[in-house]
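Summary of structural features
Residues per chain are reported as follows:
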Amino acid sequence: MTSDSRFVASALQPDTKPDMTKHTQLATLKFTFLSLLLTVLCSISFAQDIPADPAAISAGESLFNANCKTCHRVHQKLIGPALADVYNRAPSIDWIKSFIKNSAGLIASGDAYAVNLYNEYNKTQMTAFSGLKDEQIMQILAYVQAETIKGPPVAAAPVAAAGGSGDAGSGIPSSYLNAIVAGLVLILVLLVVILGFLVSALKRFLDQKDLSAEDKELVHSPITSNSILKSAGFSFIVIFFVVALGFKALINGLFSIGVQQGYAPKQPIAFSHQIHAGQYEIQCQYCHTGVTKGKSATIPSVNVCMNCHNQIKEGALYGTAELSKIQAAYDNNTPIQWVRIHNLPDLAYFNHAQHVNVGGIECQTCHGPIQEMEVVRQHSLLTMGWCIDCHRKTDVNSKGNAYYDKLVELHNKSSKSAMKVEDIGGLECAKCHY
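Summary of the structure given here.

Another point: the overall build of the protein chain. When helices and strands are counted, the protein chain shows 20 helices and zero strands. Counting over 434 residues, the protein chain shows a buried share of 21%. A separation threshold of at least 6 residues defines the contact pool for the protein chain, and within that pool the share at least 24 residues apart is 65%. Entry remark: accessible area of the protein chain is about 30,500 Å², with carbon and sulfur atoms responsible for 63%.

Here you go:
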């Protein structure tokens, strides 16, 4: 039995090894094929992960403007690289998500692509957006992809204004206004001439009548400047106009107390909103961070300025003279003494977050075309009457806010007009005078 067992084992051994080798080779081939197939499928899925529906693109545009636009453009380098076709340039979409959420961690890990990007842009540290969800990042990529496909914007050719001499932004050309004024002057001259003819005709008519010597003297008495100045009627007119103009000046002076419309003080650093908010389209909320959080919009600290000016060493308008003041304040750890422009009396309460977050009010509604101002000035009156007028005219932004559903329902039953701010207590004294 023992010898037979050994014989069988020795007889089968040479035939078993080739079968095992074949199985191993087949398993290796299957594993390699599956790996290649998985890689291809992953690469295809990366390209298909980016949504293309209008809702995602629209949401991505809002997210891009709120989080990315300060440092990035799609077709133009700014503080960071242009983002056109970034989903194909980067190692993968997962890499993009990791970089957006924690670029510092990716660079510290020694990732070659992240390190090269960091060095290429002068070691500028990108802000970590750890609060962004993967879905939101994909929506941003959807917007970037749509803009990449659309291509860079083409500048529109300037259109010559008709007439060529009209004032910019005026509804009526200045030539028309001049013609209207000239026509009014001509009409006044014609009225004076007609009145002269009527007086002359009336005198000739009276001369044909049998008048007494006193009446004839009155009819033909010359009208001189001396007689006009000594008349009681002229004295009354002069006194009336002087009193009226004085009273009007007094009322205007009283109403202008505390009103600083047009106030544009000189600042310690010549900061241009036209360049930052206009040319580079930096969002107001990037610098004025408190506008969505509380009562005050807040003035940006020096380190907010240095987020960009660590890399931007020369100004487009002021050269390095003004930028050196920012650098000096940063190096010496001293705040910039900005001069406040918009002032409300202590007895009035105003909350930026209430108007911006809930009301959806744009900054330009109160502050005017801030993106066009080289020197910031107070655009609006900011008086009590101005605020009340706004509350009477402004519709309540109730869309998507369940808090207002019942109020809107009750209002629509009693009125056909849209619900205004005054309808929800916007004119109550305690709303602003607490």
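A positive phi angle, near 55°, is found at E281, a position not held by glycine. Within the fold, E281 resides in the loop between α12 (273-279) and α13 (284-287). On the basis of relative accessible area, E281 is assigned to the partly exposed category, the value being 35%. With a phi angle near 60°, L382 is a residue other than glycine that sits in the positive phi range. Secondary-structure assignment places L382 in the loop between α17 (363-367) and α18 (384-393).

If you trace the backbone, H273 turns up in helix α12. Non-local contacts of H273, meaning those with residues more than four positions away in its chain, are made with G278, H288, I370, Q371, M373, E374 and V376.

This part covers the packing of helix α2 (residues 54-68) against helix α7 (residues 134-150). When two helices pack together, their arrangement is given by the angle between the helix axes and by the axis-to-axis distance. At a minimum axis separation of 7 Å, α2 and α7 run at an interaxial angle of 100°. When the axis of α2 is compared with that of α7, the two are roughly perpendicular. Facing A56, I57, A59, G60, E61, L63, F64 and C68 of α2, the residues of α7 in contact are Q136, Q139, I140, A142, Y143, V144 and A146. In the contact of α2 with α7, the residues fall into eleven nonpolar, three polar and one charged.

Evaluated as defined, the whole model comprises seven salt bridges. D134 is paired through a salt bridge with K101; the nearest N and O atoms lie 2.6 Å apart. Of this pair, D134 sits in helix α7 while K101 sits in helix α4 (residues 93-101), placing them 33 residues apart in sequence. Classification of K101 as partly exposed rests on a relative accessible area of 27%.

What counts, and at which threshold
Residue positions within a chain follow its written sequence, with the count starting from 1. Local features are withheld for residues below a pLDDT of 70 in this predicted model, meaning they are given only at 70 or higher, and side-chain atom pairs are given and counted only at 80 or more; totals for whole chains, interfaces and linings count all residues. To obtain the side-chain values, all non-hydrogen atoms of the structure were used and water was disregarded. A run of DSSP states H or I qualifies as a helix once it reaches four residues; a run of E qualifies as a strand once it reaches two. Both are numbered from the N-terminal end. Only protein chains enter the area calculation, which uses a 1.4 Å probe; residues under 20% of their type maximum are buried, those over 50% are exposed, and those in between are partly exposed. Only heavy atoms enter the contact rule, under which two residues are in contact if any of them lie within 4.5 Å. For accessible areas, the Shrake-Rupley method is used with a probe of radius 1.4 Å. Any residue's cover is judged against the shown protein chains and nothing else. A fitted line through C-alpha atoms serves as each axis, taken over the contacting stretch for helices, and the angle formed by two N-to-C directions is quoted from 0 to 180°. Orientation labels follow simple angle bins: below 35 degrees gives roughly parallel, above 145 gives roughly antiparallel, 65 to 115 gives roughly perpendicular, and whatever is left gives oblique. Residues are grouped as follows: nonpolar covers Ala, Val, Leu, Ile, Met, Phe, Trp, Tyr, Cys and Pro; charged covers Asp, Glu, Lys and Arg; every other residue, Gly included, is treated as polar. The term salt bridge refers to a pairing of a side-chain nitrogen on Lys or Arg with a carboxyl oxygen on Asp or Glu at a separation within 4 Å.

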